[in-house]
Amino acid sequence: AQTVTQSQPEMSVQEAETVTLSCTYDTSESDYYLFWYKQPPSRQMILVIRQEAYKQQNATENRFSVNFQKAAKSFSLKISDSQLGDAAMYFCAYRRQTTSGTYKYIFGTGTRLKVLA
Amino acid sequence: EPEVTQTPSHQVTQMGQEVILRCVPISNHLYFYWYRQILGQKVEFLVSFYNNEISEKSEIFDDQFSVERPDGSNFTLKIRSTKLEDSAMYFCASRELFDSNNEKLFFGSGTQLSVL
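Attention in this report is confined to the structure presented alongside it. The structure presented is a predicted model; accordingly, all values stated were derived computationally and were not measured. (Residues numbered from 1 in each chain as written. Chains lettered and ligands numbered in written order. Predicted model: local features only at pLDDT ≥ 70, side-chain atom pairs only at ≥ 80, totals over all residues. Heavy atoms only, no water.)

1. Comments concerning the state of the cysteines
All names here are of chain A. Let me state the cut-off plainly: When two cysteine sulfur atoms are found within 2.5 Å, that pair is recorded as a disulfide. Runs of H or I in DSSP of at least four residues are treated as helices and runs of E of at least two as strands, each being numbered from the N terminus. Partly exposed describes any residue whose relative accessible area lies between the buried limit of under 20% and the exposed limit of over 50%, with all areas from a 1.4 Å probe on protein chains only and scaled to the type maximum.
For the coordinates displayed, the defined rule picks out 2 disulfides over all chains. The side chain of C23 participates in a disulfide bridge whose partner is C92; the two sulfur atoms lie 2.0 Å from each other. Between C23 and C92 the disulfide shows an S-S torsion of about -70°. By sign, it is left-handed. A residue pair is termed long-range when its members are at least 10 positions apart, and C23 in the loop between β3 (19-21) and β4 (24-26) and C92 in strand β10 (residues 88-97) qualify at 69 residues. Judged by relative accessible area, C23 falls into the buried class, the value being 1%.

Written out as C-alpha cells, the structure is:
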C-alpha cells in the first residue's frame, strides 16, 4: 500500500533562514506525482510545488525547491529566505492511479512550520 | 485563479442528524474528491468521483456516507446519521482531466462540522 511519511511533526526556522521539511513515501509504481501543500491558519490547502517522478530535475518555485531522490523514495521541501507568511502546516502528498483509472491523492501527517521573527 | 466553493463554512448538528455538505467545483473540472481532517491530524481521503460515479472510497466512507452531483455544478457529501467522531473539517477538491502542466488538486476552504 502506498504511504506517505512525514517524520517531523513540528519545525522552527528563523526569519530569512533556510529550512528543510522531510517526506518519504512507499510505492511500487514508476510514474507518479508528488506534491507539497501548505495549509495556513485559514485551513485552505494551497499547492506549493509538485514533482513528476519521471523528471530527474528537482522542481523549484521561487523560494521553494525540492530534493527528489527517487531510489530512496524521498521528497524533501526546502524553503529559502523564510518569511513570516510561510508559517503553516505543510503536507506532503502522493498521487497514484486507481484501479478504475482515476487518481487518488494520499497525504502525510503534516509538519507544522513556525517562523521566528 | 478559479476557486472551489464550499458551503456552509461551519455546521453544527446533533448526533444522529443528517447533514449535507455542499461544494461547487471549478467548472471545467471532471474529478471530484472529499477529504476530511480531524483537528490537528492528517488529511484523510474519503471518496473520489468521476463520470457521475464513485471511482474509489476509503474504509471511512461507509454506508452512512453518500455523494451526489445533482445538477452538474454542485457536488454534495451527505452523512445520514452523524456520530461524534464525524466532527472534522471536510474539504472538497477538484481537478481537471489530466493536464501534466497543471496537475494539482484545487481545494475548497472547508466546512467545519461539529457533532454534539
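2. A closer look at the environment of Q37(B)
As a reminder of what qualifies: The contact rule is simple, with two residues in contact once any of their heavy atoms fall within 4.5 Å. Throughout this description, a polar contact denotes any pair of N or O atoms lying within 3.5 Å of each other; where both atoms belong to protein, one of them has to be capable of donating a hydrogen while the other can accept it, and for residues adjacent in sequence the pair is counted only when both atoms sit in side chains.
By secondary structure assignment, the location of Q37(B) is in strand β4 (residues 31-37). Note on Q37(B): relative accessible area 3%, which makes it buried. Apart from the residues within four sequence positions on either side, Q37(B) is in contact with Q39(A), R43(A), F91(A), K42(B), V43(B), A88(B), M89(B) and F91(B). Of note is the side chain of Q37(B), whose polar atom sits 3.1 Å from the side chain of R43(A).

3. Structural notes on the nonpolar core
All names here are of chain A. This is how it is decided: Buried Ala, Val, Leu, Ile, Met, Phe, Trp, Tyr and Cys residues that are joined via side-chain atoms within 4.5 Å together make up what is termed a nonpolar core.
Ranked by size, the top nonpolar core spans 26 residues in total, and within it Y25, W36, F75, L77, Y90 and L113 carry the most contacts. Only β3, β5 (33-39), β6 (46-52), β8 (64-69), β9 (74-79), β10 and β12 (111-116) provide two or more residues apiece to this core. Considering every element that reaches this core, the biggest residue donor is β10, with 4 residues.

4. Concerning the pattern of salt bridges
Cut-off, in case you're wondering: One speaks of a salt bridge when a side-chain nitrogen belonging to Lys or Arg is within 4 Å of a carboxyl oxygen belonging to Asp or Glu.
A complete count under the given rule lists 7 salt bridges over all chains for this structure. With its nearest N and O atoms 2.8 Å apart, the salt bridge here joins R96(A) to E56(B). Taken together, the residues R96(A) in strand β10 and E56(B) in strand β6 (residues 53-57) connect one chain to another. Overall, the relative accessible area of 13% leaves R96(A) in the buried class. Judged by its relative accessible area of 15%, E56(B) is buried. E56(B) is paired through a salt bridge with K104(A); the nearest N and O atoms lie 3.3 Å apart. Separated into two different chains, E56(B) in strand β6 and K104(A) in strand β11 (residues 103-107) make up a pair that spans both. We classify K104(A) as buried; its relative accessible area is 14%.

5. Considerations on the side chain of R63(A)
All names here are of chain A. By the element assignment, R63 lies in the loop between β7 (60-61) and β8. For R63, the side chain forms a polar contact with the main-chain oxygen of D81, separated by 3.2 Å. Engagement of the side chain of R63 in a polar contact is seen with the side chain of D86, the distance being 2.8 Å. Setting aside residues no more than four positions away along its own chain, R63 makes contact with K78, I79, S80, D81, S82, Q83 and D86.

6. Remarks on the packing of aromatic side chains
Which entries qualify depends on this criterion: Each aromatic pair joins two rings of Phe, Tyr and Trp (for Trp, the six-membered one) with centres within 6.5 Å, and gets the label stacked for planes under 30 degrees apart, edge-to-face for over 60, and tilted for any other angle. Only when the NZ of Lys or the CZ of Arg is both within 6 Å of the ring centre and within 35 degrees of the ring normal is a charge said to sit over the ring.
Tallied over the entire structure, the rule returns 24 aromatic pairs over all chains. With centroids separated by 5.2 Å and ring planes inclined at 45°, the aromatic side chains of F49(B) and F75(B) adopt a geometry described as tilted. Placement of F49(B) in strand β5 (residues 43-50) and of F75(B) in strand β8 (residues 75-79) is noted, with a sequence separation of 26 residues between them. When its relative accessible area of 0% is taken as the criterion, F75(B) is described as buried. Ring geometry for F91(B) against F107(B): centres 6.3 Å apart, planes inclined by 90°, an arrangement best described as edge-to-face. On the criterion of sequence distance, the pair formed by F91(B) in strand β9 (residues 88-95) and F107(B) in strand β10 (residues 106-107) is long-range, its members being 16 residues apart. In this structure an aromatic cluster arises from ring pairing among Y33(A), F35(A), Y37(A), F91(A), Y105(A), F107(A), Y33(B), Y35(B), F45(B), F91(B) and F107(B). Over the ring of Y103(A) we find R95(A), and its NZ or CZ is 3.6 Å from the ring centre. In this structure, R95(B) packs its charged tip against the face of Y31(B), placed 4.6 Å from the ring centre.

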